[in-house]
Amino acid sequence: MSQISFDVMNARVTFKNVPIHTIAKFAFKDIAAACEEFKKIPGVEECVIIQTATRVEIFTVSNVETDDSPDARRAEGKTLVLNQIKDTWVSLSSLEQIDIDHFDQTLEVYKGDDVYLHLLRLASGLDSLVIGWQSVFDDITKAFADAKNSGASGSILNKLFDSVIRLAERMRDTTGIGKDVISLGDIAIKLVDEKAGLDSKKKILVIGTGEPAAMLAKTLGKKGVPFDVTSRSLDRATGFSTLLGGTPVDFSDVLAGFDKYDIIFVATTADYFLITYDRIRLVMEEKKKGTLILDLSEPRTVDEGITALPGIKLLFRDQIAEIYEESVKTRVGIVPAVEKIIEKELPVLSARMKRLDA
């Protein structure tokens, strides 16, 4: 006699396996509509999508037969659902052929207990760009609330997300993992604010589209301060700005109009000097107002020689590194305590989900 059981699946693309500036290609313009499309896949009953500047994650519940049929047939059914999820994802995103060709290598797929473990780690702040970041917990809570309100999630995902959110709140409170979290962007912008004053009247530029640039963009966004963003390719800057804000600008235009910026953050992975005396001399030597440049790159990508130009003040990552590294060290020291709670709670959560299956 056949029975119907459920499979919880998580398919995701995150900053850990793709560059931040490409995540926008995997994103959905309308998350509620995307959930409904995934639910049209035969067998898929529920869907929750978590979409942020650093990740796009799909959680689905699909029904599978658990009768006397061979394991191979059941496995084939699961593979079919996964392939249809991939096809639907591609059809709803702005992935280009080159991205689609590498989609299988890019996509992470987990099921069952591995999904529960990941969600606990994510909600508690262990798998976020900055350990303990509150915004990740808030993103999960909002994504679940939206899915619940629209009817995209059902009894299985409702139970899972309710349980995880409650556990994560407790872990955050008891361990202090989310207390006084500061990112590299927070510290950098605080320093610049002290040195030059940071407000919406200032013309601000972020050079780079990696993790440090993402932290800067998040902090600028929180403060409501507009900024331009550039990279070695306009495509990167555009992808970055789609989810993190900012106005994308071509790098050659930036160099030609370097004098219009009051504050410039440089956060790239280039292995050469991106900003040199010779590259900006002509446009900067007539500038009347000062320019503050903070180079957060490792190694440095701004040549100290530019300080020979009038009005330029140059700061380096070293000037905030100690504060940032101390913050990271404090956070990392709390991680084992959170992991210990997760290790204890995972079997309980798994048993709770299995009871729903029964």
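Further up the page is the structure itself.
## Regarding the overall build of the chain
No. 1: A tally of regular secondary structure across the chain gives 14 helices and ten strands.
No. 2: Considered along the principal axes of its C-alpha atoms, the chain spans approximately 85 × 45 × 35 Å.
No. 3: In the chain, which comprises 358 residues, the proportion classed as buried is 51%.
No. 4: The long-range share in the chain, meaning contacts at least 24 apart out of those at least 6 apart in sequence, stands at 73%.
No. 5: As presented, the chain carries roughly 16,800 Å² of accessible surface, and 50% of it is formed by carbon and sulfur atoms.
No. 6: Within the chain, the 55 negative side-chain charges are centred at a point lying 5 Å from the centre of the 46 positive side-chain charges.

## Some points on the nonpolar core
Looking at soluble globular proteins, one finds that nonpolar side chains tend to be buried together.
No. 1: With 98 residues, the main nonpolar core has Val8, Phe38, Trp89, Tyr116, Leu160, Phe161 and Phe265 as its most contacted residues.
No. 2: With sequence-adjacent residues up to four places away left out, Phe265 is seen in contact with Ala188, Ile189, Val192, Ile204, Leu205, Val206, Ile207, Leu216 and Leu294.
No. 3: Grouped together as the second largest cluster of nonpolar side chains are 21 residues, Ile207, Val254, Met284 and Ile312 included.

## Thoughts on the sheet that holds strand S8 (residues 263-266)
No. 1: Ordered by their spatial adjacency, six strands build an open sheet running S7-S6-S5-S8-S9-S10, and the pairing between neighbours is parallel. The open sheet has two edge strands with one neighbour each: strand S7 (247-248) and strand S10 (312-316).

## Structural notes on the pairing of S10
No. 1: Burial of S10 is extensive: four of the five residues sit out of reach of the surface.
No. 2: Two strands pair when backbone bridges link them, and strand S9 (residues 291-295) and S10 are joined in this way by five bridges, in the parallel orientation. Across the sheet, the residue bridging to Thr291 is Ile312, located in S10.

## Focus: the packing of aromatic side chains
Remark: the centre distance and the inter-plane angle together describe each pair of aromatic rings, the angle taken between the planes.
No. 1: Within the structure shown, the criterion is met by six aromatic pairs.
No. 2: Ring centres of Phe28 and Trp89 lie 5.7 Å apart, and the angle between their planes is 45°; this geometry places the pair in the tilted category. Taken together, the residues Phe28 in the loop between helix H1 (23-26) and helix H2 (31-39) and Trp89 in helix H3 (residues 71-92) connect sequence positions 61 residues apart. In this structure, Phe28 and Trp89 share a single accessibility class: buried.
No. 3: The interplanar angle of 85° and the centroid separation of 5.4 Å between the aromatic rings of Phe59 and Phe161 together place this pair among those described as edge-to-face. Here Phe59 is found in strand S3 (residues 55-65), whereas its partner Phe161 is found in helix H8 (residues 155-175), with 102 residues between them in sequence.

## So, the packing of H8 against helix H14 (residues 318-357)
For any two helices packed against each other, the geometry is given by the interaxial angle and the distance between the axes.
No. 1: For the pair H8 and H14, interaxial distance at closest approach is 11 Å and the crossing angle is 155°. Judged by the angle between their axes, H8 and H14 are roughly antiparallel. Helix-helix and strand crossings are classified by hand; for H8 and H14 the assignment is right-handed. Packed against H8, whose contacting residues are Ser155, Ile156, Lys159, Leu160, Ser163, Val164, Arg166, Leu167, Arg170, Met171, Thr174 and Thr175, the element H14 presents Ile334, Ala337, Val338, Ile341, Ile342, Glu345, Leu349, Arg352, Met353 and Leu356 at the interface.

## Comments concerning unusual backbone geometry
No. 1: Residue Pro299 is reached from Glu298 by a cis peptide bond, and omega for that bond is 0°.
No. 2: Examined against the element boundaries, Pro299 turns out to sit in the loop between S9 and S10.
No. 3: A positive phi angle, near 50°, is found at Asp180, a position not held by glycine.
No. 4: Tracing the chain through its elements places Asp180 in the loop between H8 and helix H9 (184-196).

## Focus: the packing of H9 against helix H10 (residues 211-223)
No. 1: Here H9 crosses H10 at 65°, and the two axes come no closer than 7 Å. Classified by chirality, the crossing of H10 by H9 is right-handed. On H10, the residues that touch Leu184, Gly185, Asp186, Ala188 and Ile189 of H9 are Pro212, Met215, Leu216, Thr219, Leu220, Lys222 and Lys223.
No. 2: For the contact of H9 with H10, the class distribution of residues is seven nonpolar, two polar and three charged.

## Some details on H10
No. 1: Helix length check: H10 (13 residues) gives 19 Å between terminal C-alpha atoms against 18 Å at 1.5 Å per residue, within 8%.
No. 2: Looking at H10, one finds that the buried residues are Ala213, Ala214, Met215, Leu216, Ala217, Thr219 and Leu220.
No. 3: Packing partners of the buried residues in H10 comprise H9, strand S5 (204-207), helix H11 (234-244), S8 and H14.
No. 4: Phi for Gly224, located one or two positions after H10, is positive at around 70°.

## Some remarks on H2
No. 1: Burial in H2 covers these residues: Ala34, Cys35 and Phe38. The buried residues of H2 occupy an angular sector of 105° when projected down its axis, which confines them to one face.
No. 2: For H2, the capping residue at the N-terminal end is Asp30, with a side-chain oxygen 3.2 Å from the backbone nitrogen of Ala32.

## Here's the deal with the pattern of salt bridges
Side chains carrying opposite charge are able to pair once their charged atoms draw close together.
No. 1: Counting across every chain of the model gives 20 salt bridges.
No. 2: With a closest N to O distance of 2.6 Å, Glu57 and Arg55 form a salt bridge. Assigned by exposure class, Glu57 and Arg55 land together as buried.
No. 3: Between Asp162 and Lys148 there is a salt bridge, and its shortest N-O distance comes to 3.9 Å.

## Examining the side chain of Lys86
No. 1: The residue Lys86 is located in helix H3 in this model.
No. 2: Setting aside anything within four residues of it in sequence, one finds Lys86 in contact with Phe103, Asp104 and Leu107.

About the criteria used
Residues numbered from 1 in each chain as written. Predicted model: local features only at pLDDT ≥ 70, side-chain atom pairs only at ≥ 80, totals over all residues. Heavy atoms only, no water. Helix = DSSP H or I, 4+ residues; strand = E, 2+ residues; numbered from the N terminus. Buried < 20%, exposed > 50% of the residue type's maximum accessible area, 1.4 Å probe, protein only. Contact = heavy atoms within 4.5 Å. Areas by Shrake-Rupley, 256 points an atom, 1.4 Å probe, with all protein chains shown as cover. Lys, Arg positive; Asp, Glu negative; His and termini not counted. Charge placed at Lys NZ, Arg CZ, Asp CG, Glu CD. Core = buried A, V, L, I, M, F, W, Y, C linked by side-chain atoms within 4.5 Å. Pairing = 2+ DSSP bridges. Phe/Tyr/Trp six-rings, centres within 6.5 Å; stacked < 30°, edge-to-face > 60°. Axes fitted to C-alpha atoms, helices over the stretch in contact; angles between N-to-C directions. Parallel < 35°, antiparallel > 145°, perpendicular 65-115°, else oblique. Left-handed = near helix turned anticlockwise from the far one by under 90°. Nonpolar A, V, L, I, M, F, W, Y, C, P; charged D, E, K, R; others polar. Expected span 1.5 Å × (residues − 1). Arc of directions from axis to C-beta. Polar contact = N/O pair within 3.5 Å; in protein donor to acceptor, adjacent residues only side chain to side chain. Salt bridge = Lys/Arg side-chain N within 4 Å of Asp/Glu carboxyl O.

By themselves, these are just geometric observations and shouldn't be taken as functional.
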